[in-house]
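Letter by letter, the chains look like this.
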Amino acid sequence: MTILGIETSCDETAAAVIEGKNDHVLLKANVLATSLSLHAKTGGIIPEQAAREQAKYMLPILKETVRKAFDTSDILASFKYIDAISVTYGPGLIGSLLVGVETAKTIAFTLNKPLIPINHMVGHIYANFIQENKKSNHVTSPQSEVPQFPALALVVSGGHTDLLLMKNHGDFRLLGGTRDDAAGEAFDKIGRMLGLSYPAGPEIERLAKQGNPKRFYFPRPLLHEATYEFSFSGLKTAVLREIKEIKQLNNELIKDICCATQNAIIDVLVKKTVKAAKEYSVRSILLSGGVAANQTLREALELHAKDALETKVFAPPKFLCTDNAAMIASAAFFNYSPMPWRKITADPELYF
Ligand code: KG4
Ligand code: ZN
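Rules of the game
- Residues numbered from 1 in each chain as written.
- Chains lettered and ligands numbered in written order.
- Predicted model: local features only at pLDDT ≥ 70, side-chain atom pairs only at ≥ 80, totals over all residues.
- Heavy atoms only, no water.
- Helix = DSSP H or I, 4+ residues; strand = E, 2+ residues; numbered from the N terminus.
- Rg over C-alpha atoms; globule rule 2.2 N^0.38 Å.
- Buried < 20%, exposed > 50% of the residue type's maximum accessible area, 1.4 Å probe, protein only.
- Contact = heavy atoms within 4.5 Å.
- Lys, Arg positive; Asp, Glu negative; His and termini not counted.
- Charge placed at Lys NZ, Arg CZ, Asp CG, Glu CD.
- Pairing = 2+ DSSP bridges.
- Axes fitted to C-alpha atoms, helices over the stretch in contact; angles between N-to-C directions.
- Donors = N, O, S within 2.8 Å, 3.2 Å for Na, K, Ca; no water.
- Polar contact = N/O pair within 3.5 Å; in protein donor to acceptor, adjacent residues only side chain to side chain.
- Right-handed = clockwise from strand over helix to strand, strands pointing away.
- Near = heavy atom within 4 Å.
- Areas by Shrake-Rupley, 256 points an atom, 1.4 Å probe, with all protein chains shown as cover.
- Core = buried A, V, L, I, M, F, W, Y, C linked by side-chain atoms within 4.5 Å.
- Salt bridge = Lys/Arg side-chain N within 4 Å of Asp/Glu carboxyl O.

Digging into the overall build of the protein chain
- Along the backbone of the protein chain there are 11 helices and 11 strands.
- A compact globule built from 352 residues should have a C-alpha radius of gyration of about 20 Å, and the protein chain, at 20 Å, falls within 12% of that.
- In terms of principal-axis extent, the alpha carbons of the protein chain reach across some 65 × 45 × 35 Å.
- Among the 352 residues that make up the protein chain, the fraction classed as buried is 57%.
- Taking the intrachain contacts of the protein chain between residues at least 6 apart in sequence as the baseline, contacts between residues at least 24 apart amount to 74%.
- Positive and negative charge centroids in the protein chain, built from 39 and 37 side chains respectively, lie 2 Å apart.

In structure tokens, the structure reads:
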């Protein structure tokens, strides 16, 4: 089955084509445009500006996607190879979601194709089921094996930090979410305090490699409490306090703060995940979301998961960790439940 995916929940305008086969999907085309450079200047996303850019990018991105997938310039004709359309309907920014949802509805209606609405967070998890050529370092990649159930999914993005027990496709039980800031949000806000540009996660990872891990130690909120919930706003406050005490923030100190920040976030994520993996005797851990692109996190999880003997760690290739439409189409293949286009509406607050 060939599925077109559309994703516009935040600042990306993305489309992809996947081919679903039994227990995995093959990536045929994956295209995206981002308005990130506009937002980097303001230190965060301006929703109206993001949606305006998406309205501009949507059609060119769709055209490029089907051209790549079917190797033809006859865009309309190539739609005959597509069996279904899938689209992110939430959570996200309302103006942004609307661009994707209305585009998908229009295509589904005019070409009489089934339409599958997908939760963006579920989409992140399904990036782990996509087959792609390269093997990601140190982490068992989904190319060689597909995840087995029961699985534990850790979704770490800019807006969410969720730990879920997944007994089968579409069968999710939320074990814990974040009480305040998400992990990616903590990276971004702390980065902003240090004068780094948005989104700060990749830059913190780069600087952390050169930092001294012993100079600072930041708190690990809720690490030892009997809950699978997370909290990262205390970490942000602790870093702010430290920055205020330093008279002159120089490059060395910034690197050391990045290192201690990253270590604190990873420590909490990894220890809670491995604890849950043992408690629920899962066969797979599925890491996903933008923060999953962090190599130190990927390696730490792989290392500590050895304690949970029967558990394999999966993480998508890095380009499928941050927002993309391939993961949306993948989720649609494994949770194939089309809905009449009239019943689908964007839901910015959607959760599990
Ligand atoms: O999943 P995503 O692309 O968008 C949301 O759905 O939120 O995640 C974006 C988040 C940002 O907070 C960004 O700073 C973080 O993922 N991120 C990283 C890395 N790459 C992206 N955080 C830490 N290390 C990275 N390498
Ligand atoms: Zn996302």
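That covers the picture; the talk isn't over yet.
A short note on the sheet that holds strand S5 (residues 115-119)
- The strand order across the open sheet formed by six strands is S5-S4-S1-S2-S3-S6, and the pairing between neighbours is mixed. Whereas interior strands pair on both sides, the edge strands pair on one side only; in this sheet they are S5 and strand S6 (130-131).
- Here strand S1 (residues 2-7) runs beside strand S2 (residues 12-21); their pairing, made up of six bridges, is antiparallel. Bridged to Ile 3 within S2 is Ile 18.
- Helix H2 (residues 47-70) contacts S1, S2 and strand S3 (24-34) of the sheet and is inclined by roughly 30° relative to S2.
- The strands touched by helix H4 (residues 94-111) are S1, strand S4 (84-90) and S5; relative to S4, the strand with the most contacts, the crossing angle is about 155°.

Details of the coordination of the zinc ion (ligand 2)
- Those protein atoms acting as donors to the zinc ion (ligand 2) are His 120 (NE2), His 124 (NE2) and Asp 323 (OD), and they sit at 2.0 to 2.1 Å.
- Since its relative accessible area comes to 6%, His 120 is described here as buried.

As for the side chain of Asp 181
- Structurally, Asp 181 can be placed in the loop between strand S9 (171-176) and helix H6 (183-193).
- With a relative accessible area of 6%, Asp 181 lands in the buried category.
- Side-chain polar atoms of Asp 181 contact the side chain of Lys 236, separated by 3.0 Å.

What about the pairing of S5?
- Of all five residues in S5, five are buried, a share of seventy percent or more.
- Neither face of S5 is exposed, since Leu 115, Pro 117 and Asn 119 on one face and Ile 116 and Ile 118 on the opposite face are all buried.
- As paired elements, S4 and S5 share five bridges and run parallel to each other. Counterpart to Thr 88 in the pairing with S5 is Ile 118.
- Between the parallel pair S4 and S5, the chain is carried across by H4, and the sense of this crossover is right-handed.

Quick word on the site of ligand 1
- If you check the shell around ligand 1, you find 19 residues, and the closest are Gly 158, Asp 188, Glu 205, Gly 290 and Asn 294.
- Take Gly 290: an N or O atom from its main chain is 3.0 Å from an oxygen atom of ligand 1.
- Between ligand 1 and Asp 323 there is a distance of 3.1 Å, counted from an oxygen atom to a backbone nitrogen or oxygen.
- Relative to its unbound accessible area of 560 Å², ligand 1 is 89% covered by the protein chains.
- Elements supplying a minimum of two residues to the shell around ligand 1: helix H5 (120-126), H6 and helix H7 (201-208).

Remarks on the nonpolar core
- Of all hydrophobic cores here, the largest spans 55 residues; its most connected members are Phe 218, Phe 232 and Leu 269.
- Looking at this core, the elements with two or more residues in it are strand S7 (151-156), strand S8 (161-168), H6, H7, helix H8 (233-245), helix H9 (251-279), strand S10 (284-288) and helix H10 (295-304).
- Aside from chain neighbours lying at most four places away, what touches Leu 269 is Leu 154, Val 156, Thr 161, Ala 183, Phe 230, Phe 232 and Leu 297.
- Of all hydrophobic cores here, the second largest spans 33 residues; its members include Ala 14, Phe 129, Ala 153 and Ala 325.

Re the pattern of salt bridges
- Tallied over the entire structure, the rule returns 18 salt bridges.
- With a shortest N-O distance of 3.6 Å, Lys 21 and Glu 19 are connected by a salt bridge.
- Between Glu 185 and Lys 189 there is a salt bridge; the shortest N-O distance is 3.2 Å. Separated by four residues within a single helix, Glu 185 and Lys 189 lie in helix H6, roughly one turn from each other.
- Three or more residues are tied together by salt bridges with common partners; here these are Asp 181, Glu 185, Lys 189 and Lys 236.

Concerning the sheet that holds S7
- Strand order in the open sheet formed by five strands is S9-S8-S7-S10-S11, and the pairing between neighbours is mixed. Lying at the two open borders of the sheet, with one neighbouring strand each, are S9 and strand S11 (312-314). Adjacent strand axes in the sheet meet at a mean angle of 25° when their direction is disregarded.
- Here H10 sits on the sheet in contact with S7, S10 and S11, set at roughly 170° to S10.

Describing unusual backbone geometry
- Gly 90 connects to Pro 91 through a cis peptide bond whose omega is -10°.
- Within the secondary structure, Pro 91 sits in the loop between S4 and H4.
- In this structure, Pro 150 follows Phe 149 across a cis peptide bond, with omega equal to 0°.
- When you line up the elements, Pro 150 lands in the loop between S6 and S7.
- Phi is positive for Asn 112, close to 55°, though the residue is something other than glycine.
- With respect to the helices and strands, the residue Asn 112 is situated in the loop between H4 and S5.

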